[in-house]
Amino acid sequence: MTYTLVLLRHGESEWNAKNLFTGWVDVPLSEKGTAEAIRGGTLLTEAGVRPDVVHTSLLRRAIMTANLALDAADLHWIPVKRSWRLNERHYGALQGKDKKQVRDEFGNEQFMLWRRSYDVPPPAIALGSEFSQDAEARYAGEPTPLTECLKDVLTRALPYWESAVVPDLKAGKTVLVAAHGNSLRAIIKHLDGIDDDSIAGLNVPTGIPLVYEIDENLKPTVPGGRYLDADAAAAAIAAVANQGK
Ligand SMILES: O=C(O)[C@@H](CO)OP(=O)(O)O
């Protein structure tokens, strides 16, 4: 018995296109990102992968990607569950800043520590500042972070994984998780048992479904899963890794 899990990073956002740190800022998909999301749905259909349920973050780039992909797959009607726990990593005071400028100002080592280290968060964002989410209604009653490292993301994503995603998998459902580069990196780290140092080298491309077959012990039968368009994924992964250069 295996379970099927599909991880889908949102299509390119307007801020991805401008090379800005985004985090919890709720930016829309770019035109290219919209096309990527639709193609993601077509790839699912072509591969015969039919999600029964979708989980998304509370950010429109993931929500719209799920809607567009599922519509393209004629599965726009499946149940949806949403949680802030699937949100992108909160990028703290870097939210809204140009990646290249940050790299030039602080140097590549500090830039990469903030961007890809497991446990070094960027400086906290100021409460009430332009790109802070501390006053947003959608997070009322939740502990809104002021910055996060990947470890923090894993700590807040895991309870949702265990309480919402795993029960759907164990019920035999094909589960689609439409989320973000870093919330998906956290889930992949957990699933594939990637160590704290090696996770720095893992990047997730926009809009290309990553399919995992998972055994009863929730271990992937093929480590790393398989991208439905492996060639496009390889090129897009390199582009994400090189952002800021
Ligand atoms: O800005 C962000 O929120 C993320 C994802 O786009 O960027 P990075 O890949 O640099 O972690």
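Everything discussed here concerns the structure shown above.
The structure displayed is predicted, hence computed values, not measured ones. (Residues numbered from 1 in each chain as written. Predicted model: local features only at pLDDT ≥ 70, side-chain atom pairs only at ≥ 80, totals over all residues.)

Peer 1: Go over the site of the ligand with me, naming the residues and quoting the values.
Peer 2: In the vicinity of the ligand, the contacting residues are Asn16, Phe21, Thr22, Gly23, Glu88, Tyr91, Arg115, Gly181, Asn182, Val240 and Gln243. When grouped by side-chain class, the residues that make up the shell around the ligand number three nonpolar, six polar and two charged. (Near = placed C-beta within 6 Å. Nonpolar A, V, L, I, M, F, W, Y, C, P; charged D, E, K, R; others polar.)

Peer 1: Outline the environment of Asn217, listing residues and values.
Peer 2: One can find Asn217 in the loop between strand 5 (210–214) and strand 6 (226–227). A count of 5 C-beta atoms within 10 Å places Asn217 in the exposed class. Separated by 16 residues in the primary sequence, Asn217 and Ala233 have C-alpha atoms spaced 28 Å apart. (Helix = DSSP H or I, 4+ residues; strand = E, 2+ residues; numbered from the N terminus. Buried ≥ 20, exposed ≤ 12 C-beta atoms within 10 Å, placed from the backbone.)

Peer 1: Tell me about the pairing of strand 4 (residues 175–179), residues and numbers included.
Peer 2: The side chains of a regular strand alternate between the sheet's two faces. Among the five residues that make up strand 4, five are buried, leaving the element largely enclosed by the rest of the structure. Residue alternation in strand 4 divides its side chains into two sets, Val175, Val177 and Ala179 and Leu176 and Ala178, and both sets are buried. Note: strand 1 (residues 3–9) against strand 4, five bridges, orientation parallel. The residue of strand 4 that forms the bridge with Arg9 is Ala179. (Pairing = 2+ DSSP bridges.)

Peer 1: Which residues make up the nonpolar core, and what values do they have?
Peer 2: Residues Val6, Leu7, Ala69, Ala157, Leu176, Val177 and Ala178 are the most contacted members of the largest nonpolar core, which totals 47 residues. Among the secondary structure elements, those contributing two or more residues to this core are strand 1, helix 2 (31–47), helix 3 (60–72), helix 6 (150–170), strand 4, helix 7 (181–192), strand 5 and helix 8 (230–241). It is helix 6 that contributes the most residues to this core, seven residues altogether. Ignoring anything within four residues of it in the chain, the contact list for Leu7 reads Val177, Leu184, Ile187 and Leu210. Core analysis: the next-biggest nonpolar cluster, separate from the first, contains five residues, Leu20, Tyr91, Leu94 and Trp114 among them. (Core = buried A, V, L, I, M, F, W, Y, C linked by C-beta atoms within 7 Å. Contact = placed C-beta atoms within 7 Å.)

Note that every value here comes from positions in space, so none of it alone points to a role or purpose.
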